[in-house]
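# Structure at a glance
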Amino acid sequence: MLTKLNPKTVVLSILFMTALLFAGEIDVSKSQAFADSLYDSNDFRSAILEYKRINYMEPDNIKFEENRFQIIQSMYYLGNYQSVIRDMSVDINAFSGNPKASYIYARSLSNIGLIDQSNEHILQNNLEDSPLKQDLQYLLMLNYLKQNQMGLAKSLINTEDMFVEADTSIQNQFKEYEKNLSKSGAVSNIINIVPGLGYLPLKSYQNALSTFLTTGFLYAMSAELYKENLNLSGTFFLSAGIIFHTGSYLGINKYNERITSKYKADLIRYLELRIP
């Protein structure tokens, strides 16, 4: 004999079963909101743990791939570039449609010194069509500077429709670099036939004066000693003068390298601050 069911009991039973069915979803929703709040507050370490927990407990949740990318972004902002590359390399196709993922991958490669691979990734992923074209162009220029390929780096400025045409700061820094580079070459070395004169284009007046006085003194002493037929002593001072004079050429080139390196370092720092 069937027992008559109480309507209230039926309703409560339905509500209870519904609550059980959706309990997991409610928990995931709250956990997702918590993980996102951790990420938004820049608590990336905690956010990584929370996103991983959500994906582990609920692998079918609709934000699974989004959470994976949030984990990668968090590792990137923490400077854990090796982990970024490792996790993205496992399934690079999963992020192929995400422009920011492509940028983060290329920047991470650059940051750990894999610059050729970074350049290859940028150039193979439709730079012109990317919504992050500007950041990718700056990154490509940064990579060329790190590789000491100044010509390639500057060529990005001269290319039509490149955003850096409007970047007067970087154009001026390139001009300063080239101006100092031109001072170093033949001009400084040719005029240094007069000891110390090669330092003048580099505005290294103290080195110019000390080289001129020291080398001039050694040459003058050797000439006087030869006049007195003190050939051995004269040869000693002449040799010392030649050695000091020759050394000034090395000094000029080293000094200029420091100057040009400074301008290159300034360019690199500017670009590193310019891109995310």
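Here, the structure is the one placed above.
Please read these numbers as outputs of a predicted model, since none were measured by experiment. (Residues numbered from 1 in each chain as written. Predicted model: local features only at pLDDT ≥ 70, side-chain atom pairs only at ≥ 80, totals over all residues. Heavy atoms only, no water.)

### Let's talk about the nonpolar core
To keep things clear, this is the line we draw: Put simply, a nonpolar core is a bunch of buried Ala, Val, Leu, Ile, Met, Phe, Trp, Tyr and Cys residues held in one set by side-chain atoms that sit within 4.5 Å of each other. Between buried and exposed lies partly exposed: a residue is buried under 20% and exposed over 50% of the maximum accessible area for its type, with that area taken using a 1.4 Å probe on protein chains only. Secondary structure is summarised from DSSP: a helix means a run of H or I of at least four residues, a strand means a run of E of at least two, and numbering begins at the N terminus for each. Any two residues whose heavy atoms approach within 4.5 Å at even a single point are treated as in contact.
Core analysis: the biggest nonpolar cluster contains 50 residues, and I72, M141, L145, I170 and F174 have the highest contact counts within it. Broken down by element, this core gets its largest block of residues, eight residues, from helix α7 (residues 133-146). Residues contacting I170, with those up to four places away along its chain left out, are Y138, M141, I157, L267, Y270 and L271.

### Some points on the packing of helix α5 (residues 99-111) against helix α6 (residues 115-124)
Here is the rule we go by: Axis definition: a line fit to C-alpha positions, over the contact stretch in the case of helices; interaxial angles, taken between N-to-C directions, run 0 to 180 degrees. Our angle categories are set so that under 35 degrees counts as roughly parallel, over 145 as roughly antiparallel, 65 to 115 as roughly perpendicular, and the remainder as oblique. Here a crossing is taken to be left-handed if its near helix is turned anticlockwise relative to the far helix by less than a right angle, and right-handed if that turn runs clockwise. In this classification, the charged set is Asp, Glu, Lys and Arg, the nonpolar set is Ala, Val, Leu, Ile, Met, Phe, Trp, Tyr, Cys and Pro, and all remaining amino acids, among them Gly, are polar.
Packing of α5 against α6 brings their axes to within 7 Å, and their N-to-C directions diverge by 160°. The orientation of α5 relative to α6 falls into the category roughly antiparallel. The handedness of the crossing between α5 and α6 is left-handed. Together, S102, Y105, A106, L109 and S110 of α5 and I115, Q117, S118, H121 and I122 of α6 make up the contact between the two elements. Tallied by class, residues from the contact of α5 with α6 come to five nonpolar, five polar and no charged.

### Quick word on the packing of aromatic side chains
Our working rule: Any two of the Phe, Tyr and Trp rings considered here, Trp counted by its six-membered ring, make a pair once their centres fall within 6.5 Å; the pair's planes then place it as stacked at under 30 degrees, edge-to-face at over 60, or tilted in between.
Under the counting rule described, the total for this entry stands at five aromatic pairs. The structure contains a cluster of three or more aromatic residues connected by ring pairs, namely Y39, F44, Y76, Y77 and Y81.

### Observations regarding the packing of α7 against helix α12 (residues 231-274)
Look at α7 against α12: their axes get within 10 Å of each other, and the N-to-C directions meet at 155°. Judged by the angle between their axes, α7 and α12 are roughly antiparallel. The handedness of the crossing between α7 and α12 comes out as left-handed. Facing Q134, Y138, M141, L142, L145 and K146 of α7, the residues of α12 in contact are K264, L267, I268, Y270, L271, E272 and R274.

### A word on α5
Keep this limit in mind: Each helix should span, by expectation, one fewer than its residue count multiplied by 1.5 Å.
In a regular helix each residue adds 1.5 Å, so 13 residues correspond to 18 Å; α5 covers 18 Å between its end C-alpha atoms and thus fits that length. Most of α5 sits out of view: ten of its 13 residues are buried. Among the residues making up α5, those that are buried are A101, S102, Y103, I104, Y105, A106, R107, S108, L109 and S110. Residues of α5 that are buried sit in contact with α3 (64-77), α4 (81-90), α6, α7 and α12. Downstream of α5 by a residue or two, G113 has a phi angle that is positive, lying close to 90°.

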